[in-house]
Amino acid sequence: MAQWTSAVGAGQLARQLNAQQPRPAGPGTRKPPAYRALADGIRLLVLEGRVPVAARLPAERELAVALAVSRTTVAAAYEALRAEGFLESRRGAGSWTAVPAGNPVPARGLEPLPPESLGSMIDLGCAALPAPEPWLTRSIQGALEELPPYAHTHGDYPAGLPALRRTLAERYTERGIPTMPEQIMVTTGAMGAIDAICHLFAGRGERIAVESPSYANILQLMREAGARLVPVAMAEGLGGWDLPRWRQVLRDAAPRLAYVVADFHNPTGALADEDQRRRLVESARSAGTVLVVDETMSELCLEPGLELPRPVCAFDPAGATVLTVGSASKAFWAGMRIGWVRAAPDVIRSLVAARAYADLGTPVLEQLGVNWLMQTGGWGEAVVIRRAQARANRDALVAAVHRELPDWEFAVPDGGLTLWVRAGGLSGSRLAEVGERVGVRVPSGPRFGVDGAFEGYVRLPFTVGGPVADEAAARLAAAARLVRTGATTGTEAPRTFVA
């Protein structure tokens, strides 16, 4: 019986390998043999989780043709990977990826770092901040006071608690978007909302247009749902969407869905203006594409006095084109795991009906907690704390990176939680690999693209500040030195650092 659970095509693997930047050669060192460079490239894809463990690799001849190299080069690379424990083979079953004994299995998303690792590792992988106390504690206390009537029911509310649905509808109405509770479904986080939308609208093999770059975990969710991702390049810097490209993709590819982040885009931080929002909705409506708008960063405006555009759904009064996704995760706390969808009532009914085969509903206590916050004014107070925290972290991280890595380039966004950084001509994948050894965890650019794009980038979230931001930049500089000299097999032992 074969030991592989998925397969990677020769064309896909070749695109990912060709997108990698060559490994720099240290002073006085020779360029590595072609087979060694190929083995290193595949190993890096496995370590980053972009080629999953237990994935069947193409046959030697197929990959040789796709890469325009000799079959001998591919055979030697596969043999080197087998010797290192990154490949297993059996006659008749092919070859599949593996990890050496004792190594952790790489994650394909941007999962949080285990708490036990925080003493020696600075985590810049997860764009989430600690809870804004005392509001978390107060919200749970308030939820417990409201809980007794619900405890006498079965506790399953597939559309969400009626009280929270009313509150969320009122908040949209206050923003100038008239909304009924019947237009709201509460979900288990924004990921749960987008997963439900993808399963309802985009079956296996359907096209989904996505910004390029885009949020890594959503891209992975869509891949695993069987979607065919169609990337649409963002404008340079903080310019937002490239509308001519969007019109062309929507017209030519006719995707069933399109996923966008209009407010402080993850990872670039761009803010789409009103004209871009209006024109994208018009283009999606003309193409028959459903536009999924992620608003999870919308309340994280870090510049006082900045006037924000109207929500994207304001340009779709009938509610037939735009599905809006919101969440408590970024504005309040990721551990709350409350998200929601705003859509036309018939779409909400379909989503609720489909949910019976998934999770049945979202935890009641957390819903009561979010409702308490929004009804008492605690939400607004907590968001003020969150903005001040993120602003201070952003400014500290920007200053530290400018000081330690002056050749790294980025635009400073007015909101959100992330910097999108061009890493001075270095490979983001190699920086991520070496960064783990020197005590800083950072996601590489290709995680936010399709088929290996953005190899020269990393994403830095505003999750640390003060001395921790200084130390994070110093460790990134140490990783950059190792990558630049080609000494990626060496280590600089991380210091234990307590924030």
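Remember, predicted model here, so these are calculated numbers, not experimental data.

Peer 1: How should the overall build of the protein be read in this particular structure?
Peer 2: If you tally the helices and strands in the protein, you get 16 helices and 15 strands. Taking 23 Å as the expected radius of gyration for a compact globule of 499 residues, we find that the protein reaches 23 Å, a close match to that expectation. Counting across all 499 residues of the protein, residues that qualify as buried make up 54%. Considering only contacts in the protein between residues 6 or more positions apart, those separated by 24 or more positions represent 75%. For the protein, the exposed area adds up to about 20,800 Å²; of that, 54% sits on carbon and sulfur atoms. Charge separation in the protein, taken as the distance between the mean sites of 52 positive and 51 negative side-chain charges, equals 7 Å.

Peer 1: How do you make sense of empty space enclosed by the protein when you look at a structure like this?
Peer 2: To find leftover empty space, a probe the size of one water molecule is rolled over the atoms. Taken as a whole and assessed by the stated rule, the structure comprises one cavity of 30 Å³ or more. Approximately 30 Å³ is the volume attributed to the largest cavity. What lines the largest cavity is simply I194, I197, C198, I208, M222, L257, A258, Y259 and V292. Listed by contribution, the elements that provide at least two residues to the lining of the largest cavity are helix 8 (189-201) and strand 9 (257-260). Looking at the lining of the largest cavity residue by residue, the class counts come to nine nonpolar, no polar and no charged.

Peer 1: What is the right way to read the packing of helix 7 (residues 162-174) against helix 13 (residues 364-376) from this model?
Peer 2: In a pair of packed helices, the angle between the axes and the distance between the axes together describe the arrangement. Two numbers describe how helix 7 lies on helix 13: the axes approach to 9 Å, and their chain directions differ by 40 degrees. The pairing of helix 7 with helix 13 is recorded here as oblique in orientation. Judged by the twist between their axes, the crossing of helix 7 over helix 13 is left-handed. Here A163, L164, T167, L168, E170 and R171 of helix 7 lie close against helix 13, whose contacting residues are Q367, V370, N371, M374 and Q375. The class makeup of the residues in the contact of helix 7 with helix 13 is five nonpolar, four polar and two charged.

Peer 1: Would you take a moment to explain helix 2 (residues 34-47) for this structure?
Peer 2: Each α-helix turn comprises 3.6 residues. Residues three or four places apart therefore point the same way. Here helix 2 contains 14 residues, and its C-alpha end-to-end distance of 20 Å stays within 8% of the 20 Å for a straight helix at 1.5 Å per residue. Looking only at helix 2, the buried set comprises L38, A39, D40, G41, I42, R43, L44, L45 and V46. In this structure, the buried side of helix 2 is in contact with helix 1 (10-19), helix 3 (60-67), helix 4 (71-84), strand 4 (94-97) and helix 15 (428-438).

Peer 1: When you look at the environment of P132 in this model, what are you seeing that I'm missing?
Peer 2: Tracing the backbone through its elements, the reader meets P132 in the loop between strand 5 (122-123) and helix 5 (135-146). Owing to a relative accessible area of 2%, P132 belongs among the buried residues under this scheme. In the structure, P132 is positioned 195 residues away from S327 in sequence and 15 Å away in space, judged by C-alpha atoms. What P132 contacts, discounting residues up to four positions off in sequence, is F332, W333, A382, I385 and R386.

Peer 1: Mind showing me how you'd approach the pairing of strand 10 (residues 290-294) here?
Peer 2: Where burial is concerned, most of strand 10 is hidden: five out of the five residues are buried. Along strand 10, one buried face is formed by V290, V292 and D294 and the opposite face, lined by L291 and V293, is buried too. A crossover connection joins strand 9 to the parallel strand 10 through helix 11 (residues 274-287); in handedness this β-α-β unit is right-handed. Relative to strand 11 (residues 322-327), strand 10 runs parallel, the two sharing four bridges. Considered in strand 11, the bridge of V293 is made with T324.

The rules behind these values
- Each residue is numbered by its place in its chain's sequence as written, counting from 1.
- A pLDDT threshold of at least 70 governs which residues receive local features in this predicted model, and a stricter bar of 80 or more applies before side-chain atom pairs are shown or counted, although totals over entire chains, interfaces and linings include all residues.
- For the side-chain quantities, the full set of heavy atoms in the structure was used; hydrogens and water were omitted.
- Under the DSSP-based scheme used, a helix requires at least four consecutive residues in state H or I and a strand at least two consecutive residues in state E, with every element numbered from the N terminus.
- In this description the radius of gyration comes from C-alpha coordinates, and the expected globular size is given by 2.2 Å times residues to the power 0.38.
- Under the scheme applied here, a residue whose accessible area is under 20% of the maximum for its type counts as buried, over 50% as exposed, and between as partly exposed, the area being computed with a 1.4 Å probe on protein chains only.
- We call two residues in contact whenever any of their non-hydrogen atoms come within 4.5 Å of each other.
- Using a 1.4 Å probe, the Shrake-Rupley method yields the accessible areas, and only the shown protein chains count as cover for residues.
- Only four residue types enter the charge count, namely Lys and Arg as positive and Asp and Glu as negative; His and the chain termini do not.
- All charge positions are set by atom: Lys at NZ, Arg at CZ, Asp at CG, Glu at CD.
- A cavity, in this analysis, means grid points on a 1 Å lattice covering only the protein atoms where a 1.4 Å probe fits yet has no way out; a pocket is instead an open set bounded by protein on both sides within 12 Å along at least five of seven lines, and a residue lines either one if it has an atom within 4 Å of a point.
- Grid points are joined across faces, edges and corners, and a volume is the space filled by probe spheres set on the points.
- Here the nonpolar group is Ala, Val, Leu, Ile, Met, Phe, Trp, Tyr, Cys and Pro; Asp, Glu, Lys and Arg are the charged ones; every other residue, Gly included, is treated as polar.
- All axes here are fitted lines through C-alpha atoms, helices being fitted over the stretch that makes contact, and every angle between N-to-C directions spans 0 to 180 degrees.
- Angles below 35 degrees are treated as roughly parallel, those above 145 as roughly antiparallel, those between 65 and 115 as roughly perpendicular, and all remaining angles as oblique.
- The crossing is said to be left-handed when, going from far helix to near helix, the turn is anticlockwise and less than a right angle, and right-handed when the turn is clockwise.
- The length a helix should cover is 1.5 Å for every residue beyond the first.
- Note on handedness: a clockwise path from strand one over the helix to strand two, with the strands aimed away from the viewer, defines a right-handed crossover.
- Here the rule is simple: two strands pair whenever DSSP picks up at least two bridges between them.

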